[in-house]
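One-letter residues, chain by chain:
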Amino acid sequence: MGMKVKLDQILSDATKQGDVPGVVATVGNREGVLYEAAFGERCLGAGLTMNVDTVWWIASMTKAITSVAAVQCVERGLLELDTPAKEVCPELGNIGVLEGFDENGQPNTRPPKCDITLRQLLTHTAGFGYNDFNPDIQKVHDVLSIPSVLDCKNRTLTVPLVFDPGERWEYGINIDWVGKMVEAASGKRLGDYFRQNIFEPLGMNSTGFKISDNMRSRLASTHFRGEDGELTVFPIEIPQDPEFEMGGGGLYSTVQDYLQFLRMILNYGQLGGNRVLTPEGVVSLGLNHMGDSRVTRLNSFTKFANDSEFFPGMKKSWSLAFQINHESTDTGRPAGGLMWAGLANSYFWIDQSTGLAGVYATQIFPFADKKSFPLYLAFEKGVYSQIN
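Here the structure is a predicted model, which is why all the values come from computation and not from measurement.

The next thing to look at is the packing of aromatic side chains. Any two aromatic rings considered together are summarised by their centre-to-centre distance and by the angle between their planes. Counted by the stated rule, this structure contains 32 aromatic pairs. When the ring of Trp169 is compared with that of Trp318, the centres are 6.2 Å apart and the planes differ by 35°; the resulting orientation is tilted. Of this pair, Trp169 sits in the loop between α4 (135–144) and α5 (174–186) while Trp318 sits in strand β12 (residues 316–318), placing them 149 residues apart in sequence. Taking the centre distance of 5.2 Å and the plane angle of 65° together, the rings of Tyr171 and Trp340 count as edge-to-face. Of this pair, Tyr171 sits in the loop between α4 and α5 while Trp340 sits in strand β14 (residues 338–342), and the two are 169 residues apart along the sequence.

Written out as C-alpha cells, the structure reads:
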C-alpha cells in the first residue's frame, strides 16, 4: 500500500465516522512535499469543504516560529542566550516568585534567586506557568483579575514565576516574553519581523497574526467536544488589534505554509535558496538546552485541555524551539525527533535522521482530544509504516 492510499484511508475514515469534523495534513522531506490531503468540513454542518489551503489557528505551533526568530536575533548579535533578559525587557526584572497567598488571598512574592535568561525562556525553564495548567497561576488570575493570555493584554505577562529560573521545566507564557525580546531587539512589531525574516523568504503567504480577507475566506472554525462526546461549533478568534502579538500562540496559517517552515529546518536553515538560519543554528535546535530537566505531563485545570503527555514514560527534553524525544517512539519516529502542538489539536514533527516532517491539523477543543490526538498518532505511524 502506498503512502497516499494508507494516509487517505486513515484520515478519511475518521471524518466519515464523525470522529473529527475535518482534518488536513501534509508530509514532506528535504526535496519537497510527499503527501497532502484534506477531508471533511471546515465548520461542522456548514457545508464548507476542508482543503489543503484551509487557514486555521495554529496556537502554540506559533512558539517554534517565535523561537526561530529569537535564534536569528542571537545569530545576528541582537540578543544573547545567557545574559539577563531584563537588559532587553526591563519589565522582566520586576517579576517575583510566588510563595503563596496572604489571609486576604493576595499573592506573596519574593525576588528570584537569579535573573531570567533567553535560554530559560526558550526552554520553558524560566519559572513561568500557564493558568490552564497551574492552579496557583489561575488563582493569581482570579484574585488580580488578570485577563487570559488569549486576550493579548500586556498585563497578562506580569504574573509571577512559580519557581526560580532554571530550576525545572514548566509550560507557560515564556515564548510570549521571547516575542517581546525579539521586538525590543529588532525594533519591529513581531508580525512585521516574522514577515520580513521568515514568511517572505519561505513563501509563507497565508500566515500571520492578522487574518487577511483572503485568509478569512479559507478559515476553519474551532469546535468543542462536550463530555457526551458530541462536537459543536465553538468559534474562538485571537484579537485582531491586540496590545501585543502573541508569540506563544497567536498565528494563523495553513499546513502548506507550516511545512515550508519545517522543511527549512530539515534543510539546515534554507529553502529554495533563501537562508533563514545558519546550519549551526539549526543544529542547536535539535539539542537539549535544559540540562537534566525533563518535559513533564501537563495536568489541565481548564475545559480547553485534557491532561496530556506525548509518549508517557519516555525521556523528553527541550531544545531552543522544540520538544525532543530521547528514545524511538511507537509511531516509528527515531530518537532525536522534534515536535510540538497547538491547543485546538494541531500537531507537527521534524525528523532530521530520516529527513521527514509532518503537519496535522484539526480545530477541536479540548487539547489532547480523545479522537483527534489518537488520529494524529495513527497518521504519523502511517507515514513511518510506508518508509521503513
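Next, the rest of the story.
Another aspect to go through is the sheet that holds strand β16 (residues 356–361). Read across the open sheet, the eight strands follow the order β3-β2-β1-β16-β15-β14-β13-β12; overall the sheet is antiparallel. The sheet terminates laterally at β3 (48–49) and β12, the two strands that pair on one side only. Sheet topology places strand β15 (residues 346–351) next to β16; six bridges connect them, and they run antiparallel. Each residue of the ladder has a partner; that of Ser346, found in β16, is Ala361. In the packing of helix α8 (residues 255–266) onto the sheet, contacts are made with β1 (22–29), β2 (33–43), β15 and β16, and the angle to β16 comes to roughly 155°.

This next bit is on the pattern of salt bridges. In the structure shown here, the tally under the stated rule is 17 salt bridges. With its nearest N and O atoms 3.8 Å apart, the salt bridge here joins Lys371 to Asp19. Of this pair, Lys371 sits in the loop between β17 (364–365) and α10 (372–385) while Asp19 sits in the loop between α1 (3–16) and β1, placing them 352 residues apart in sequence. Judged by its relative accessible area of 16%, Asp19 falls in the buried class. One salt bridge connects Glu237 with Arg216, and the closest N-O pair in it is separated by 2.9 Å. Taken together, the positions of Glu237 in the loop between β8 (231–233) and β9 (252–253) and Arg216 in helix α7 (residues 213–216) put the pair 21 residues apart, joining distant regions of the chain. On the basis of relative accessible area, Glu237 is assigned to the partly exposed category, the value being 38%. Counted as one network, the salt bridges with shared partners bring together Glu99, Arg110, Lys113 and Asp164.

Let's shift gears to the nonpolar core. Ranked by internal contacts, the top residues of the largest apolar core, which has 126 residues, are Ile198 and Phe261. The dominant element in this core, judged by the number of residues it contributes, is α8, at eight residues.

Conventions used here
- Residues numbered from 1 in each chain as written.
- Predicted model: local features only at pLDDT ≥ 70, side-chain atom pairs only at ≥ 80, totals over all residues.
- Heavy atoms only, no water.
- Phe/Tyr/Trp six-rings, centres within 6.5 Å; stacked < 30°, edge-to-face > 60°.
- Helix = DSSP H or I, 4+ residues; strand = E, 2+ residues; numbered from the N terminus.
- Pairing = 2+ DSSP bridges.
- Contact = heavy atoms within 4.5 Å.
- Axes fitted to C-alpha atoms, helices over the stretch in contact; angles between N-to-C directions.
- Salt bridge = Lys/Arg side-chain N within 4 Å of Asp/Glu carboxyl O.
- Buried < 20%, exposed > 50% of the residue type's maximum accessible area, 1.4 Å probe, protein only.
- Core = buried A, V, L, I, M, F, W, Y, C linked by side-chain atoms within 4.5 Å.

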